[in-house]
Amino acid sequence: MKFIANTDNLINWNNVIELCQSSTTGDKNTVSSVVDRSEAEAVGNRGLLDSYRKVIGTWQQAGYDLNQIEWYDYYPGEHFDISVQDTFAKLIGAEPLRVFVSEVYPGVTIPYHWDVEDKEEEWLAEYGMLYRYVCCMDVPKPASVLMFDTEALTLNTQGDIYEWNHYKDFHSAVNGSDSPQYYFHFLGYKK
Amino acid sequence: MKYLGICDIIDWDSVIKSLEHQTPTYIGPSHKLGDPIPGLSEVTDIWQRAKFGANAEWDMFISGDAFDISIAEQFMDYVGIDNYNTCWISRIRPGKMAPWHWDVNDNEAELGEFRRFHCHIGKPVHGHVLVVDDKCLYNQPQGSTYEWNSRKSWHAGMNAGLTPKYLFNIW
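Remember, predicted model here, so these are calculated numbers, not experimental data.

**Things to note about the overall build of chain B**
Stage number 1. Scanning chain B from N- to C-terminus turns up three helices and 11 strands.
Stage number 2. What you see in chain B, going N to C, is helices and strands ordered as β-α-β-α-β-α-β-β-β-β-β-β-β-β.
Stage number 3. Since a compact globule built from 171 residues should have a radius of gyration of about 16 Å, the 15 Å found for chain B is in line with a globular shape.
Stage number 4. Taken over the C-alpha atoms alone, chain B extends approximately 40 × 35 × 30 Å along its principal axes.
Stage number 5. Of all 171 residues assigned to chain B, the portion counted as buried reaches 55%.
Stage number 6. Pairs at least 24 apart in sequence give 81% of the contacts found in chain B among residues at least 6 apart.

Structure, rendered in structure tokens:
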């Protein structure tokens, strides 16, 4: 993972967080909702569905209570201003394909997984390579950690941006703090 | 927090194996809101505000009960202390956590200062993490040993991995 920059004063993350927090239309993700959605979208794409099932199968095998796994997603242009995405894209020098803010509540763990992307093949064919970034948009919170295979992000300065080693990197998140944790995610391509 | 090195004088894999199918001495958290223990409200206030649910849970294996006291004695030799008050191995199962807290003791009012240590007895695994004060301990080699700044340091242990996370603790 590579540190890219800090958004400094270019983006008012507290404002974005406030908008997400007060929204009642965020995308609630649970294991069952992800499975239902993937089954609907995976018609004619057996591999995609198998990928979801494989990830969830590892969680079941590890003993997770699947009912305890949930998180919310919020989207630019819907839950917060599209200019946030545009400013971010300009800063990192990439074009957006999938952008969202994730919200994880206290006491929740998002287990070891990779983000199965239903448009992956289409985008790879069109753009060659995909790039993934995460921005620590929230203020530092103790016991809130985003983990990759050998590195972890916690207590970062608000606005810190990291580029993933690979867009399909396995990752996980935990929130042992007393308030929800927010991350800004950006999957895109370079011109 | 001070890094002390790799404690490899103990066969940690065997210790873990001996605990895998044991019933823990008890399952935490052992205290609840309103228990009359000095300092406890500092923790329970946060936990109540956060509304931690069933995921706030960990297993406790106490030295002399769940594992041989000689393990604690060998570790004492390694870190250079002559006695200890409490020694245990914590286990956090996948999806569980010990959220942000400090270890409030039943006898908190009578306790003085003690040196506190911990050791990462499992092999490094994705999703196993310990945060102490402002230090995030992740991907730690097996046997990595640290001395805490204070017995009362705030910390959290969490497991978003696929296997149980074990940690040796002594003070």
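**Focus: helix H1 (residues 12-20) of chain B**
Helical geometry: 3.6 residues make up each α-helical turn, so side chains three or four residues apart lie on a common side.
All names here are of chain B.
Stage number 1. Of all the positions in H1, only Trp-12, Val-15, Ile-16 and Leu-19 are classed as buried. Projected down its long axis, H1 carries its buried residues within an arc of 95 degrees, all on one side.
Stage number 2. The secondary structure elements touched by the buried residues of H1 are strand E3 (58-62), helix H3 (69-79), strand E4 (87-92), strand E6 (117-120) and strand E11 (165-170).

**Description of the pattern of salt bridges**
Residue and element names in this part refer to chain B.
Stage number 1. If you walk through the whole model with that rule in mind, you get 17 salt bridges over all chains.
Stage number 2. Note that Arg-91 is salt-bridged to Asp-59, the shortest N-O span being 2.9 Å. In this pair, Arg-91 is assigned in strand E4 and Asp-59 in strand E3, connecting sequence segments 32 residues apart. You'll find Arg-91 and Asp-59 in the same group, each marked buried.
Stage number 3. The partner of Glu-108 in a salt bridge is Arg-151, with the nearest N and O atoms 2.7 Å apart.

**Considerations on helix H4 (residues 82-92) of chain A**
Residue and element names in this part refer to chain A.
Stage number 1. Those residues of H4 lying buried are Val-84, Gln-85, Phe-88, Ala-89 and Ile-92. Seen along its axis, H4 keeps its buried residues to an arc of 130 degrees; they face one direction.
Stage number 2. In this structure, the buried residues of H4 make contact with strand E1 (2-6), helix H1 (13-22), strand E4 (95-104), strand E6 (131-136), strand E9 (160-163) and strand E11 (181-189).
Stage number 3. Looking one or two residues beyond H4, the residue adopting positive phi is Gly-93, at roughly 75 degrees.

**Here we look at the packing of aromatic side chains**
The geometry of an aromatic ring pair is captured by two quantities: the separation of the ring centres and the angle between the planes.
Stage number 1. By the definition in use, this model includes 20 aromatic pairs over all chains.
Stage number 2. Counting every residue linked through ring pairs, the aromatic cluster contains Trp13(A), Phe80(A), Phe88(A), Tyr133(A), Phe184(A) and Phe186(A).
Stage number 3. One Lys or Arg, Arg151(B), reaches over the ring of Trp171(B) and ends 4.9 Å from the middle of that ring.

**Considering the interface of chain B and chain A**
Stage number 1. Listed per partner, the contact involves 27 residues of chain B and 32 residues of chain A.
Stage number 2. Here chain B and chain A share an interface that buries about 2200 Å² over both sides, 68% of which is from carbon and sulfur atoms.
Stage number 3. One can count one salt bridge joining chain B with chain A.
Stage number 4. Here Arg49(B) and Asp178(A) are joined by a salt bridge, their closest N and O atoms 2.6 Å apart.
Stage number 5. Our count for the contact surface shared by chain B and chain A stands at 10 residue pairs in polar contact (both at pLDDT 80 or more).
Stage number 6. Residue assignment for the side of chain B that touches chain A shows that the elements contributing at least two residues are helix H2 (40-50), strand E5 (97-101), strand E7 (128-132), strand E8 (135-138) and strand E10 (155-159) of chain B.
Stage number 7. Looking at the side of chain B that touches chain A, its residues break down into 16 nonpolar, eight polar and three charged.

**Brief notes about the sheet that holds strand E7 (residues 144-147) of chain A**
Stage number 1. Read across the sheet, four strands follow the order E5-E10-E7-E8 (chain A) without closing on themselves; strand pairing throughout is antiparallel. Looking at the sheet topology across the chains shown, the edges are occupied by strand E5 (109-113) and strand E8 (152-153) of chain A.

**Here we look at the environment of Tyr64(A)**
Stage number 1. Counting through the fold element by element, Tyr64(A) comes out in the loop between helix H3 (46-62) and strand E3 (70-74).
Stage number 2. We classify Tyr64(A) as buried; its relative accessible area is 7%.
Stage number 3. Distance in space between the C-alpha atoms of Tyr64(A) and Pro111(A) is 8.5 Å, their sequence separation being 47 residues.
Stage number 4. Among the polar contacts made by the side chain of Tyr64(A), one reaches the main-chain amide nitrogen of Gly95(B) at a distance of 3.5 Å.
Stage number 5. Looking at Tyr64(A), its side chain comes within polar contact range of the main-chain oxygen of Gly161(B), at 2.6 Å.

**Topic: unusual backbone geometry**
Stage number 1. Residue Pro29(B) is reached from Gly28(B) by a cis peptide bond, and omega for that bond is 5 degrees.
Stage number 2. As for its placement among the helices and strands, Pro29(B) is situated in the loop between strand E2 (26-28) and H2.
Stage number 3. Backbone geometry at Ala143(A) places phi at a positive 70 degrees, although glycine is not the residue there.
Stage number 4. Overall, the relative accessible area of 0% leaves Ala143(A) in the buried class.
Stage number 5. One non-glycine residue with positive phi stands out, namely Lys51(B), at about 60 degrees.
Stage number 6. Residue position: Lys51(B) is located in the loop between H2 and E3.

**Here's the deal with the sheet that holds E7(B)**
Residue and element names in this part refer to chain B.
Stage number 1. Taken in spatial order, the four strands line up as E5-E10-E7-E8 in an open sheet, and their pairing is antiparallel. Each end of this open sheet is capped by a strand with a single partner; those strands are E5 and E8. Ignoring which end each strand starts from, the neighbouring axes of this sheet average 15 degrees apart.
Stage number 2. One ladder, built from three bridges, connects E5 with E10; its direction is antiparallel.

Rules used in this analysis
- Residues numbered from 1 in each chain as written.
- Chains lettered and ligands numbered in written order.
- Predicted model: local features only at pLDDT ≥ 70, side-chain atom pairs only at ≥ 80, totals over all residues.
- Heavy atoms only, no water.
- Helix = DSSP H or I, 4+ residues; strand = E, 2+ residues; numbered from the N terminus.
- Rg over C-alpha atoms; globule rule 2.2 N^0.38 Å.
- Buried < 20%, exposed > 50% of the residue type's maximum accessible area, 1.4 Å probe, protein only.
- Contact = heavy atoms within 4.5 Å.
- Arc of directions from axis to C-beta.
- Salt bridge = Lys/Arg side-chain N within 4 Å of Asp/Glu carboxyl O.
- Phe/Tyr/Trp six-rings, centres within 6.5 Å; stacked < 30°, edge-to-face > 60°.
- Lys NZ or Arg CZ within 6 Å of the ring centre and 35° of its normal.
- Buried area = accessible area lost by both parts, 1.4 Å probe.
- Polar contact = N/O pair within 3.5 Å; in protein donor to acceptor, adjacent residues only side chain to side chain.
- Nonpolar A, V, L, I, M, F, W, Y, C, P; charged D, E, K, R; others polar.
- Pairing = 2+ DSSP bridges.
- Axes fitted to C-alpha atoms, helices over the stretch in contact; angles between N-to-C directions.

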